Amino acid sequence: MTAKIIDGKKLAEKIRKEIKEKVKKLDVKPGLAFVLVGNNPASQLYVGNKDKAGKEAGFYIETHHLPENTDQLKLLNLVDKLNQDRKIHGMIIQLPLPKQIDEKLIIEAILPHKDADGFNPINVGNMLIGNNLIIPATPKGIMKLIESTGVNIEGKYAVVVGRSNIVGKPVSILLQQKNATVTMCHSRTKHLVQYTKQADILVVAVGKAKVIKADMVKKGAIVVDVGTNKVNGRLVGDVDFDNVKKVASYITPVPGGVGPMTIAMLLENTLECMDLIR
Ligand code: NDP
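If you're wondering where the values come from, they're calculated on a predicted model, not measured in any experiment.

Caption draft 1: Local environment of unusual backbone geometry. The amide bond that connects Leu-95 to the next residue, Pro-96, takes the cis arrangement and shows omega of 0°. Here Pro-96 is to be found in the loop between strand S4 (90–93) and helix H4 (103–109). Between Val-254 and Pro-255 the backbone carries a cis peptide bond, its omega angle lying at 0°. Tracing the backbone through its elements, the reader meets Pro-255 in the loop between strand S11 (250–251) and helix H10 (258–277). Positive phi is not limited to glycine here, since Asn-179 has a value of about 70°. In the Ramachandran plot, His-191 falls in the positive-phi region, its phi being about 55° despite a non-glycine side chain. Looking at the element boundaries, His-191 is found in the loop between strand S6 (181–185) and helix H8 (192–196). Using a relative accessible area of 54% as the deciding quantity, one classes His-191 as exposed.

Caption draft 2: Seen up close, the site of the ligand. Surveying the vicinity of the ligand reveals 19 residues, the closest of which are Arg-163, Ser-164, Ser-187, Thr-228 and Thr-262. Here Lys-208 contributes a side-chain N or O atom positioned 3.0 Å from a nitrogen atom of the ligand. A distance of 3.5 Å separates an oxygen atom of the ligand from a polar atom in the backbone of Val-226. Surface burial for the ligand is 70%, taken as the share of its 930 Å² of free accessible area covered by protein chains. Among the residues forming the shell around the ligand, the class breakdown is 7 nonpolar, 10 polar and 2 charged.

Caption draft 3: Geometry of the environment of Val-203. Structurally, Val-203 can be placed in strand S7 (residues 201–204). Sequence-distant contacts of Val-203, defined by excluding residues within four places in its chain, comprise Ile-142, Ile-146, Val-159, Val-160, Val-161, Val-171, Leu-175, Val-224 and Val-226.

Caption draft 4: Inspection of the sheet that holds S4 at higher detail. Pairing is parallel across the open sheet formed by 3 strands, whose spatial order is S3-S2-S4. Here the strands that pair on one side only, and so sit at the sheet edges, are strand S3 (60–66) and S4. With strand direction ignored, the average angle separating the axes of adjacent strands in the sheet is 15°. Pairing of strand S2 (residues 31–37) with S4 involves 4 bridges; the strand directions are parallel.

Caption draft 5: How the structure looks around the nonpolar core. Grouped together as the largest cluster of nonpolar side chains are 47 residues, with contacts concentrated most on Phe-59, Ile-142, Ile-146, Leu-175 and Val-203. It is H10 that provides the largest number of residues to this core, a total of 9 residues. Formed by 19 residues, the second largest nonpolar core is a distinct cluster that contains Ala-3, Ala-199, Val-204 and Ala-248.

Caption draft 6: Region of interest: the pattern of salt bridges. All told, the structure shown has 11 salt bridges when counted by the stated rule. Here Asp-85 makes a salt bridge to Lys-87, at a shortest N to O gap of 3.5 Å. By relative accessible area, which is 18% here, Asp-85 ends up buried. Put simply, Glu-147 and Lys-178 hold a salt bridge, and the shortest N to O gap is 3.8 Å. On the criterion of sequence distance, the pair formed by Glu-147 in helix H6 (residues 137–147) and Lys-178 in the loop between helix H7 (168–177) and S6 is long-range, its members being 31 residues apart. Via salt bridges that share partners, Lys-140, Lys-144, Glu-268 and Glu-272 belong to a single interconnected network.

Rules and cut-offs
Residues numbered from 1 in each chain as written. Predicted model: local features only at pLDDT ≥ 70, side-chain atom pairs only at ≥ 80, totals over all residues. Heavy atoms only, no water. Helix = DSSP H or I, 4+ residues; strand = E, 2+ residues; numbered from the N terminus. Buried < 20%, exposed > 50% of the residue type's maximum accessible area, 1.4 Å probe, protein only. Near = heavy atom within 4 Å. Polar contact = N/O pair within 3.5 Å; in protein donor to acceptor, adjacent residues only side chain to side chain. Areas by Shrake-Rupley, 256 points an atom, 1.4 Å probe, with all protein chains shown as cover. Nonpolar A, V, L, I, M, F, W, Y, C, P; charged D, E, K, R; others polar. Contact = heavy atoms within 4.5 Å. Pairing = 2+ DSSP bridges. Axes fitted to C-alpha atoms, helices over the stretch in contact; angles between N-to-C directions. Core = buried A, V, L, I, M, F, W, Y, C linked by side-chain atoms within 4.5 Å. Salt bridge = Lys/Arg side-chain N within 4 Å of Asp/Glu carboxyl O.

Written out as structure tokens, the structure is:
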């Protein structure tokens, strides 16, 4: 068996084109603000990619690049200014933030209806009770990738490896909403393979190269690899792609899987924020 590749790049391009068409018909440009603190090269690259995608889709984009030693109050003031700014419908505070800043406090300061990332506890809480307003972009993209296979999620056994607030936990909730039976695994899980080997749907968000090997995957599984790891200057996922693709029925590549979908979902979320404001 060789798995079909779930082409996130292609799906994301299609979604971005649809967004661009929608934007052309609007009387106001969707406004998206990025806030970048410090000079983390990965963060700069991510913001650059999102900025480019937003401009291509016809959005009004503002990027605020603050120095590494920015204090919390200054950042809170900027968030407050963006909360009040009528041109801005959504904002993204690029994480991680420097140590002197409490990330939780900053995320809580973003008005829930301007929270394009969907990280504000109000949006997360709403999602938990099934009231999906703004869904975190990466989990939302993961669900679209799984749905793009045409496989019915209902009744499937899904295993999510990783329990972060931005990927693992929300994707588990979304899979449950689609009536999958979900197990969440993490660094303290004993005998990880016992779970992964049973999974019809396996989502891996760990941040360690090749943590999932072929003998840990059920034959015919759908495998979504969220991980981004640099190995010898190359970007690789958390899944041993070359071997797992011989076992799985569908698999996402890294790069070209989840990453491009995250960007498309951020744009979609900004349009949804705009709908909530208007
Ligand atoms: P975090 O570091 O916040 O969480 C990692 C999770 O993996 C934790 O829950 C941790 O467990 C668990 N874990 C660590 N080691 C193991 C192990 N050996 N076995 C099982 N579980 C383990 O990471 P994120 O969720 O933020 O990101 C995960 C990966 O996804 C990263 O590579 C990140 O770069 C990538 N990513 C990609 C995005 C994209 O758009 N392409 C977007 C967001 C993330 P514990 O809780 O016990 O510590």
